[in-house]
Structure formats: C-alpha cells, structure tokens
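# Chains, contacts and geometry: an overview
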Amino acid sequence: MRLTKYTHACVRLEQDGRVLVLDPGTYSETAEALAGAQAVLITHEHGDHVDVPAMVNALQGSDGLAVFAPAGVAAHLREVAPQAAARIHTVEPGSTFDAAGFNVRSFGGQHALIHPQVPIVANIGYLVDGNVYHPGDSFIIPDGLSVQTLLVPIHAPWSKVSEVVDFVIAVRAPRAFQIHDGLLNETGLKVAESHVARLGRKYGTEYTRLAPRESVEI
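Here the structure is a predicted model, which means the values were calculated and not measured.

### Re the overall build of the chain
When you go through the chain residue by residue, the secondary structure sums to five helices and 14 strands. A globule of 218 residues ought to have a C-alpha radius of gyration of about 17 Å, and the chain, at 16 Å, matches this closely. A total of 218 residues make up the chain; the buried ones form 51% of that total. Here the contacts in the chain between residues at least 6 apart in sequence split such that 55% fall between residues at least 24 apart.

Given below as structure tokens:
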C-alpha cells in the first residue's frame, strides 16, 4: 500500500490501482489528493477535514466516487450534491464496510473536547485494511486488534503533548506518521515530535515525519 501525506490531515492510499482518500480538508492540496479517487472517508464536519466545495466538484466529476462520513456530514453532502446522493454513505461507529476495494472498520463516535462551551460533533476513526488508522480529531484507540500504521494528530486546539504521547503508547503501532500538523510552525512541530518519537520508541513505535506530498510504502 502506498501512503501519501498531504498538508494537515489529508492522506491518500493507493494499492493495485485503487485510490482511497481520507479527510480532504481546506488546508490540504485537496484537488490533487482527490484526483482519480474511487472513495473518500471523512472523519467529521470541520473544514480542515472536509472541503465541501471540493467534494462537490469531485462527486460531479466522477460517477464512481463514493463518500463515507458521519451522519451530519453525509446529509449535508447529499443536500449540496443531490445527483450523487446514492453514493454518499452514512457511517456509524463499530461498522465494517468496503471502500474502493479496501476493508474499513470504524471506531469512536465523537470529536475530542475543545471547550465545554464548544459543541461536540460526531467523529469517526477509520482503520483501513487492518493497517492504517486515522483517528480524525480524537484519541480513540481501536479495540480488539493491532494497528500497523498510526496517523498521529500531533497538535490541535483540543490536545496537549502528554495526551499525544499517551495515545501513541496505547496504540503501540510499529510505525507512526503525523497528521493535523497544519497549525504548528517548524519550531513547535520539532518540540512536539521530539517527545512523541523518544517516548514512542520505548514502546515499540517508530515515528517518522512526512512532508506534504511525500509518499511511503507501508
């Protein structure tokens, strides 16, 4: 499987000509990430995880593109792209389904708390082919299985470094790459990553930073 990291939270997975994209948001190179995709997984409704106009364009430009998202996101996309409504699927936590030939399992249910006065929205984490786990904006740990490749929300308004480290330690994936890094400058990123890499390694996780558009085979 080939994994390509885009700016912030967007990731593209490719295998045997199949393309699956996760969280093509407004901070990312969305059109590039979506080019040729057969399926899209969206974790939640925030704009840095779903660029709605870009998704409408993608749905209009491909009769085969399927989208999987929490109920609120799916309903909104059906409203703004009614001609593609049959290809926009609602995902609940604890489900298993096929997307572009990839096996997907869903976890979680809600976004991490930002502040008691900020409403909590639905958030779904996705495990793809028993390998790649994208938690969206949460630290939900998949139960009853082993993750091979962890995508780590390295920084967010709802987190602190100790929680990021604890998440990496709890999942204990052999390898990890960063997501949700669009709000940090280079100095802040180095500080957060130094703790994640050093402490994660003690528990068997090798953390590697990917530049935007950088790809790895996993």
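Having seen the model, we can carry on.
### Observations concerning empty space enclosed by the protein
Picture a little ball the size of a water molecule; that probe, rolled over the atoms, points out where space is still empty. If you walk through the whole model with that rule in mind, you get one cavity of 30 Å³ or more. Looking at the largest cavity, its volume works out to about 40 Å³. Lining the largest cavity are His46, His111, Ala112, Leu113, Ile114, Val118, Pro119, Ile120 and Val121.

### Topic: the sheet that holds strand 11 (residues 149–153)
If you walk across this open sheet you meet the seven strands as 7-8-9-10-11-12-13, and the pairing is mixed. Looking at the sheet topology across the chains shown, the edges are occupied by strand 7 (96–99) and strand 13 (206–208). For this sheet the average axis-to-axis angle between neighbouring strands, irrespective of direction, equals 30°. Packing of helix 4 (residues 161–171) onto the sheet brings it into contact with strand 10 (132–134) and strand 11, and relative to strand 11 it is tilted by some 165°.

### Notes on the nonpolar core
In this structure, Leu3, Leu13 and Leu41 are the most contacted members of the largest nonpolar core, which totals 26 residues. Elements supplying a minimum of two residues to this core: strand 2 (11–15), strand 3 (18–22), strand 4 (39–41), strand 5 (66–69), strand 7, strand 8 (102–110), strand 9 (122–128) and strand 12 (175–179). When residues in this core are grouped by element, the largest group, three residues, is from strand 9. Ignoring anything within four residues of it in the chain, the contact list for Leu41 reads Leu20, Val21, Leu22, Asp23, Pro24, Phe68, Phe97, Ala99, Val104, Tyr126 and Val128. Counting 23 residues, the second-largest nonpolar core is a separate cluster that includes Cys10, Leu34, Leu59 and Leu77.

### Re the packing of helix 2 (residues 52–61) against helix 3 (residues 71–80)
For the pair helix 2 and helix 3, interaxial distance at closest approach is 10 Å and the crossing angle is 60°. Classified by the interaxial angle, the pair formed by helix 2 and helix 3 is oblique. Crossing of helix 2 against helix 3: the hand is right-handed. Contact with helix 2, carried on its side by Val52, Met55 and Val56, involves His76, Leu77 and Val80 of helix 3 and no other residues of that element. Across the contact of helix 2 with helix 3, the residue classes tally to five nonpolar, one polar and no charged.

Analysis parameters
- Residues numbered from 1 in each chain as written.
- Predicted model: local features only at pLDDT ≥ 70, side-chain atom pairs only at ≥ 80, totals over all residues.
- Heavy atoms only, no water.
- Helix = DSSP H or I, 4+ residues; strand = E, 2+ residues; numbered from the N terminus.
- Rg over C-alpha atoms; globule rule 2.2 N^0.38 Å.
- Buried < 20%, exposed > 50% of the residue type's maximum accessible area, 1.4 Å probe, protein only.
- Contact = heavy atoms within 4.5 Å.
- 1 Å grid on protein atoms, 1.4 Å probe; cavity = no way out; pocket = protein on both sides within 12 Å on 5 of 7 lines; lining within 4 Å.
- Points joined across faces, edges and corners; volume = space filled by probe spheres on them.
- Pairing = 2+ DSSP bridges.
- Axes fitted to C-alpha atoms, helices over the stretch in contact; angles between N-to-C directions.
- Core = buried A, V, L, I, M, F, W, Y, C linked by side-chain atoms within 4.5 Å.
- Parallel < 35°, antiparallel > 145°, perpendicular 65-115°, else oblique.
- Left-handed = near helix turned anticlockwise from the far one by under 90°.
- Nonpolar A, V, L, I, M, F, W, Y, C, P; charged D, E, K, R; others polar.

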